[in-house]
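# What the coordinates show
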Amino acid sequence: MSTKDEQMNEIIKQVEDYGTKFVRLQFVDIHGTPKNMSVSIKKADEVEDIYNDGLLFDGSSIAGFVDIDDSDLLLKPDLSTFSTLPWRPDEKGACRFICDVYHVDETPFEGDPRGILKKSLKSAEDEGYQYNMGPEPEFFLIDEDEDGTIKPADEAWYFDVEPVDQGTDIRREIVLGLEKLDFNIEVSHHEAAYGQHEIDFRFADALKTADAVITFKQAIRALVDNLGYKVTFMPKPFFGQNGSGMHCNQSLFKNGKNVFYDPNTETQLSQEAYYFIGGLLKHAEALSAIISPTVNSYKRLVPGYEAPCYIAYGFKNRSTLLRIPASRGLGTRVECRSADPSCNPYLAFAVLLQAGLDGLNNKIDPGDPIEFNAFEYTPDELAEKGIKTLPTSLWEAYHALEEDEVVKNALGQHTYNQFYKIKRAEWDDYRIQVFDYEVEKFLNV
């Protein structure tokens, strides 16, 4: 019996044991927003029909997919993603599959974000590499004043405890819910801003991790809503406080060994790791459009709030775009600090991988690390040291993307065109708004 047959038999058995009545077929749009359809089943073995036949849907109604004159697309479940939904009232009454998106002739749809990551991972596999990712998504628990103004749910700081940290019990419920979904949670804690929290899970293959990030955000929203609170993954919801990042810890493995680790160098970092860093630095400006993808993202990437602004790397240095944490051996990794949780993880991981592989294959030298606080220097002083600044707006970022063939190719022509069009429209919509700040400052000019 094949592995797929064994998987299917086990899933059918679980569906029978659970008394499952609904099967959710989930995917994401170009923004990484979860979408799903729920199929009612009368018998457990109907799950096999869903797997074999898939389910047609209107792709023209999904952001970044297809036009109305050629709208039919097909969802087909990935068996390895089967799970229950612990935030639902009857947890086992519904199960979920994450799906891949196909054309009606069952060829992969080129605009499927999950498919784009799978294609990127295949290119790495063809070179003998497994690409692993360990993300650190941050979020805010928020409350509302009587007039509807949002505010942080507490006034706690980094690593604070109850009663000032009002999120202890909420994080506990979130962690327990995520563990039901087979998350390997490493740590949870209050972050450095009022109302801000972080829950980290162990690194894994980048596809599994991207699936997990989508599930993570979806589960947290549902679990927190059930507890009577609200949550936001917005990069910078409050002026004057730190924003929320999603640091991306990357590593390459070959034959079970971490390619980035070399015990015989002074830093215990391999030459391959340095080349990978070189690729990430070379493409940093274009990467920003994908990993910091909203107009709000660039209000986080400013000096003074622990978010990176400068295209450089360091070891202990948290003021740089890339950092090499102290862990070695299997834990040797390159941390990208500019990504935020508003990004689509499938697209983000795909472009980060291709930028790094470009550095590796073309032996791009990253130069020397910097171990000084870059925030203490002016842009002119940093320029004299050869250190460039990350894009300061979505406008700069999407124009950098326009000029970067490696990042564009990682997305594919279809998704690049759709993404560029959407982000240009987002910037145009943003730039014509009139904000309270402008009224207060200029009304009497």
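To start, this report covers the structure provided alongside it. Please read these numbers as outputs of a predicted model, since none were measured by experiment.

So, how was this worked out
Residues numbered from 1 in each chain as written. Predicted model: local features only at pLDDT ≥ 70, side-chain atom pairs only at ≥ 80, totals over all residues. Heavy atoms only, no water. Helix = DSSP H or I, 4+ residues; strand = E, 2+ residues; numbered from the N terminus. Expected span 1.5 Å × (residues − 1). Phe/Tyr/Trp six-rings, centres within 6.5 Å; stacked < 30°, edge-to-face > 60°. Buried < 20%, exposed > 50% of the residue type's maximum accessible area, 1.4 Å probe, protein only. Lys NZ or Arg CZ within 6 Å of the ring centre and 35° of its normal. Core = buried A, V, L, I, M, F, W, Y, C linked by side-chain atoms within 4.5 Å. Contact = heavy atoms within 4.5 Å. Pairing = 2+ DSSP bridges. Patch = residues over 30% accessible without salt bridge, like charges linked within 9 Å, V, L, I, M, F, W, Y side chains within 5 Å. Areas by Shrake-Rupley, 256 points an atom, 1.4 Å probe, with all protein chains shown as cover. Salt bridge = Lys/Arg side-chain N within 4 Å of Asp/Glu carboxyl O. Lys, Arg positive; Asp, Glu negative; His and termini not counted. Polar contact = N/O pair within 3.5 Å; in protein donor to acceptor, adjacent residues only side chain to side chain. 1 Å grid on protein atoms, 1.4 Å probe; cavity = no way out; pocket = protein on both sides within 12 Å on 5 of 7 lines; lining within 4 Å. Points joined across faces, edges and corners; volume = space filled by probe spheres on them.

All right, on to helix H3 (residues 113–126) then. For H3, which comprises 14 residues, the first-to-last C-alpha distance of 20 Å matches the rise-based estimate of 20 Å (1.5 Å per residue) to within 8%. Gly128 occupies a position one or two residues after H3 and carries a positive phi of about 90°.

Further remarks concern the packing of aromatic side chains. Inspection of the entire model under this criterion finds 16 aromatic pairs. Between Tyr131 and Phe276, the aromatic rings sit 6.5 Å apart at their centres with planes inclined by 35°, giving tilted as the arrangement. With Tyr131 in strand E7 (residues 130–144) and Phe276 in helix H6 (residues 271–282), the pair connects residues that are 145 residues apart, well separated along the chain. Both residues of the pair, Tyr131 and Phe276, belong to the buried class. Its guanidinium or amino end placed over the ring of Phe233, Lys217 lies 5.6 Å from that ring's centre, counting from NZ or CZ. Above the face of the Phe372 ring, Lys385 is positioned so that its terminal group lies 5.3 Å from the ring centre.

What follows concerns the nonpolar core. Ranked by internal contacts, the top residues of the largest apolar core, which has 95 residues, are Tyr131, Leu252 and Phe349. For this core, the element with the highest residue contribution is helix H5 (residues 206–226), accounting for 12 residues. Residues within four places of Tyr131 in sequence aside, it is in contact with Leu121, Ala204, Asp205, Ala206, Gln250, Ser251, Leu252, Phe276, Phe349, Leu352 and Leu353. Residues Ile12, Ala44, Tyr51 and Phe109 belong to the second largest nonpolar core, which totals 26 residues.

A few words now on the pairing of strand E4 (residues 72–77). Where burial is concerned, most of E4 is hidden: five out of the six residues are buried. Pairing of strand E3 (residues 55–58) with E4 involves four bridges; the strand directions are antiparallel. Residue pairing for E4: Leu56 is matched across the bridge by Leu74. Taken together, the four bridges between E4 and strand E6 (residues 94–102) define a ladder with antiparallel strand orientation. By the bridge assignment for E6, Leu74 is matched with Tyr102.

The next subject is a nonpolar patch on the surface. The grouping of Phe435, Tyr437, Phe442 and Val445 at the surface amounts to a nonpolar patch, some 480 Å² of accessible area in total. Residue position: Tyr437 is located in helix H14 (residues 436–442).

With that out of the way, let us pick up the side chain of Lys236. Residue placement: Lys236 occurs in the loop between strand E12 (230–232) and strand E13 (246–254). Among buried Asp, Glu, Lys and Arg side chains, Lys236 stands out as unpaired, with Glu138 the closest opposite charge at 10 Å. Here Gln241 takes part through its backbone oxygen, which lies 2.4 Å from a polar atom of the side chain of Lys236. With residues up to four places along the chain from it excluded, the contact list for Lys236 reads Gln241, Asn242, Gly243, Asn296, Lys299, Arg300 and Tyr305.

This next bit is on empty space enclosed by the protein. For the structure shown, the criterion picks out two cavities of 30 Å³ or more. In this structure, the largest cavity encloses a volume near 50 Å³. Elements with a contribution of two residues or more to the lining of the largest cavity: strand E1 (22–28) and E6. In terms of residues, the lining of the largest cavity owes the most to one element, E1, which gives three residues. For the second largest cavity, the full set of lining residues is Leu280, Ala284, Leu287, Ser288, Ile291, Leu321, Cys336 and Ser338. With four residues, helix H7 (residues 284–291) is the single largest residue contributor to the lining of the second largest cavity.

What the rule picks out here adds up to 18 salt bridges. The salt bridge partner of Glu285 is Lys388, with a shortest N-O separation of 3.1 Å. Note that Glu285 is positioned in helix H7 and Lys388 in strand E18 (residues 388–389), a separation of 103 residues in sequence. Given a relative accessible area of 27%, Glu285 falls into the partly exposed group. Between Lys408 and Glu405 there is a salt bridge, with the nearest N and O atoms lying 3.3 Å from each other. Of this pair, Lys408 and Glu405 both sit in helix H12 (residues 405–411), three residues apart, roughly one helical turn. Judged by relative accessible area, which is 16%, Lys408 ranks as buried. For Glu405, a relative accessible area of 46% translates into the label partly exposed. Each of the salt bridges in this network shares a partner with another, and the network as a whole consists of Asp78, Asp100, Arg114, Lys118 and Asp211.

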